[in-house]
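Here is what each chain is made of, one letter per residue.
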Amino acid sequence: MARQTTNFICQSCGASHNRWQGKCDACGDWNTLVAEDAGGGAGPAATRSRRKGRAVALESLAGKSLDAPRQRSGVGEIDRVTGGGFVPGSVLLLGGDPGIGKSTLLIQVAAALARAGRRAVYITGEEAVAQVRLRAERLGLSSAPVELAAETSVEDIVATLGEGKTPGLVVIDSIQTMWTDLADSAPGTVTQVRASAQALIRYAKKSGAVLVLVGHVTKDGQIAGPRVVEHMVDAVLSFEGEGSQQFRILRAVKNRFGPTDEIGVFEMTGAGLREVANPSELFLSKRDLGSPGTAVFAGLEGTRPVLVEIQALVAPTALGTPRRAVVGWDASRLAMVLAVLEAHCGVKLSGHDVYLNVAGGLRIAEPAADLAAAAALVSSLAGAPLPAEAVYFGEISLSGAVRPVAQAPARLKEAAKLGFTRAYLPEFAQGEGGARADGGLTLRPVPALIQLVTDIAARGRGRGGEGVRLKRQDG
Ligand code: TYD
Ligand code: MG
């Protein structure tokens with residue numbers, strides 16, 4: 001009986017089916033199956049030789065292990081995100097929207113390493129050598145001894161890399177354009193991408209070179225096609241930013257050698273990406289002082305405190321169902337804060353459209369931003385500007401209480417450094433570890449959200465503004 005050699009592979013999750021169907025059973029995506037030749041893979045177990053297993057030595061968890069040696073990339077923000085630099089022999093996948101600056105970032109890293117005396121190889125499968133040269137010229141990197149090739153055949157690339165000194169860094173831009181003879185299907189298909197990645201990763205592990213693969217991102221923000229590649233690499237980095245904004249944020253989604261909560265901040269300038277060592281200054285640089293609806297949130301990204309402005313606009317709605325739009329924050333978190341304002345603070349928002357925006361294109365995931373968001377919302381509704389020298393942080397619980405958050409002293413210190421003098425924060429937050437670490441700020445503990453709302457409403461009335469119409473349940 002002839003063995004079937006054509007498989008239908010889901011281009012989204014890599015699952016294999018033996019006939020075509022409209023929907024992938026594994027991931028539920030529609031119309032993602034593509035016929036690919038299954039040839040080249042290992043045959044069924046029965047046809048492989050029955051080798052007797054060899055006993056391997058088992059070890060205990062305790063024991064000597066060398067800390068992974070690191071190779072500094074020459075770009076501080078990348079070192080921060082990777083956890084102190086590249087680990088030799090490690091493979092990183094860099095994902096991001098088209099045009100976000102992946103190629104720019106990597107040519108800058110390659111140039112920095114090459115200038116430091118390491119061999120850096122940049123393989124492009126998307127652009128011509130002339131295009132990469134043009135970019136390097138624009139970035140003022142033409143003199144850096146980066147080795148450049150426009151090539152898509154994995155076998156040729158591995159053979160080229162094998163010549164001469166082992167490279168410190170190999171950039172493959174992008175993995176979707178690579179193909180290998182080992183797989184018969186067309187370039188760009190999951191089978192090709194997986195086989196190419198496997199071959200390149202094998203080279204990196206064997207030689208000790210650091211390999212960076214660029215991966216495209218689909219509309220819904222996943223690295224296109226090969227989610228499979230994410231499992232094969234040591235770290236997945238994602239490069240993000242709003243197209244219209246100059247800020248770019250590098251985030252580790254997965255990292256076998258370091259933390260995943262650090263971010264790297266860059267600014268896209270006419271001369272390439274510039275590192276932003278102090279993001280708070282950048283996010284607060286063009287502040288709209290004295291207008292209602294903005295509050296400064298003292299946040300935390302990984303170990304680094306980041307101050308960012310949260311902007312809110314609350315306006316009477318013209319529609320039956322009021323709009324709620326959020327940029328940079330979780331929509332369900334906003335719904336929760338609005339519900340708490342309505343239920344516990346007597347702030348009626350059902351007749352208002354609500355817009356919330358995190359300035360600078362930052363995306364906040366921390367619940368600690370609740371208090372700042374609530375302050376901005378109430379300030380906009382009341383037409384009362386918040387004090388310009390104040391920062392806010394605290395998590396709001398469904399009961400309307402303000403809960404303590406982690407690392408209050410670090411947030412206060414950063415706020416003090418940037419010239420803020422007042423902090424609205426959860427009760428007991430400042431007493432962490434018995435020591436008072438307020439960084440010289442005046443602390444305004446907020447035990448419950450209603451206190452903050454009353455406070456802001458009073459300011460609004462004082463200015464002759466519209467004021468929040470508070471309906472206290474208790475009369
Ligand atoms: P690129 O690195 O080609 O993006 P990707 O590889 O992620 O697709 O960056 C392209 C964008 O960056 C392009 O829209 C122009 C902009 N850019 C600058 O603003 N300044 C520069 O110095 C460079 C090189 C690019
Ligand atoms: Mg590119």
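Located above this text is the structure these notes cover.
Here the structure is a predicted model, which means the values were calculated and not measured.

A.B. asks: How would you explain the pairing of strand 20 (residues 422–425) if you had to name every residue and give the values?
C.D. replies: Each regular strand carries side chains that alternate between the two faces of the sheet. Neither face of strand 20 is left uncovered, since the one carrying Arg 422 and Tyr 424 and the one carrying Ala 423 and Leu 425 both have all their residues buried. Pairing of strand 17 (residues 390–392) with strand 20 involves three bridges; the strand directions are parallel. Bridged to Tyr 392 within strand 20 is Tyr 424. As paired elements, strand 20 and strand 21 (residues 442–445) share four bridges and run parallel to each other. What sits directly across from Leu 425, in strand 21, is Pro 445.

A.B. asks: Quick one: what's the story with the sheet that holds strand 8 (residues 210–216), residue by residue and with numbers?
C.D. replies: Strand pairs in the sheet, formed through backbone hydrogen bonds, run parallel or antiparallel to each other. Taken together, the nine strands give an open sheet; going across it, the order is 6-5-7-8-4-9-10-11-12, and neighbouring strands pair in mixed fashion. The open sheet has two edge strands, strand 6 (147–150) and strand 12 (272–275), and neither has a second partner. Neighbour-to-neighbour, the strand axes of the sheet open up by a mean angle of 25 degrees, direction not taken into account. The pairing of strand 4 (residues 91–96) with strand 8 spans six bridges and is classified as parallel. Each bridged residue has a counterpart across the sheet, and for Leu 94 the counterpart in strand 8 is Val 214. Contacting strand 5 (120–124) and strand 6, helix 3 (residues 129–138) runs over the sheet at an angle of about 140 degrees to strand 6.

A.B. asks: Please set out the site of ligand 1 residue by residue, giving values where relevant.
C.D. replies: Around ligand 1, a shell composed of 16 residues is seen, among which Gly 99, Lys 102, Ser 103, Thr 104 and Gly 272 lie nearest. The contact in question runs from an oxygen atom of ligand 1 to an N or O atom on the side chain of Ser 103, over 2.6 Å. Between an oxygen atom of ligand 1 and a side-chain N or O atom of Arg 135, the distance comes to 2.9 Å. Summarising the interface, the protein chains cover 73% of the accessible area of ligand 1, which totals 560 Å² for the free molecule. Counting residues per element, the ones that place at least two in the shell around ligand 1 are helix 2 (102–115), helix 3 and strand 11 (263–269). A total of three residues in the shell around ligand 1 trace back to one element, the largest contributor, which is helix 2. Its residues placed into classes, the shell around ligand 1 shows five nonpolar, seven polar and four charged.

A.B. asks: Hey, could you go over the packing of helix 4 (residues 154–162) against helix 5 (residues 190–207) for me, with residue numbers and the actual values?
C.D. replies: Interhelical geometry of helix 4 versus helix 5 gives an angle of 10 degrees and a closest axis separation of 10 Å. Classified by the angle their axes make, helix 4 and helix 5 are roughly parallel. Along its contact with helix 4, which presents Val 154, Ile 157, Val 158 and Leu 161, the element helix 5 presents Ser 196, Ala 199, Leu 200 and Tyr 203. Looking at the contact of helix 4 with helix 5 residue by residue, the classes come out as seven nonpolar, one polar and no charged.

Parameters at a glance
Residues numbered from 1 in each chain as written. Chains lettered and ligands numbered in written order. Predicted model: local features only at pLDDT ≥ 70, side-chain atom pairs only at ≥ 80, totals over all residues. Heavy atoms only, no water. Buried < 20%, exposed > 50% of the residue type's maximum accessible area, 1.4 Å probe, protein only. Helix = DSSP H or I, 4+ residues; strand = E, 2+ residues; numbered from the N terminus. Pairing = 2+ DSSP bridges. Axes fitted to C-alpha atoms, helices over the stretch in contact; angles between N-to-C directions. Contact = heavy atoms within 4.5 Å. Near = heavy atom within 4 Å. Polar contact = N/O pair within 3.5 Å; in protein donor to acceptor, adjacent residues only side chain to side chain. Areas by Shrake-Rupley, 256 points an atom, 1.4 Å probe, with all protein chains shown as cover. Nonpolar A, V, L, I, M, F, W, Y, C, P; charged D, E, K, R; others polar. Parallel < 35°, antiparallel > 145°, perpendicular 65-115°, else oblique.

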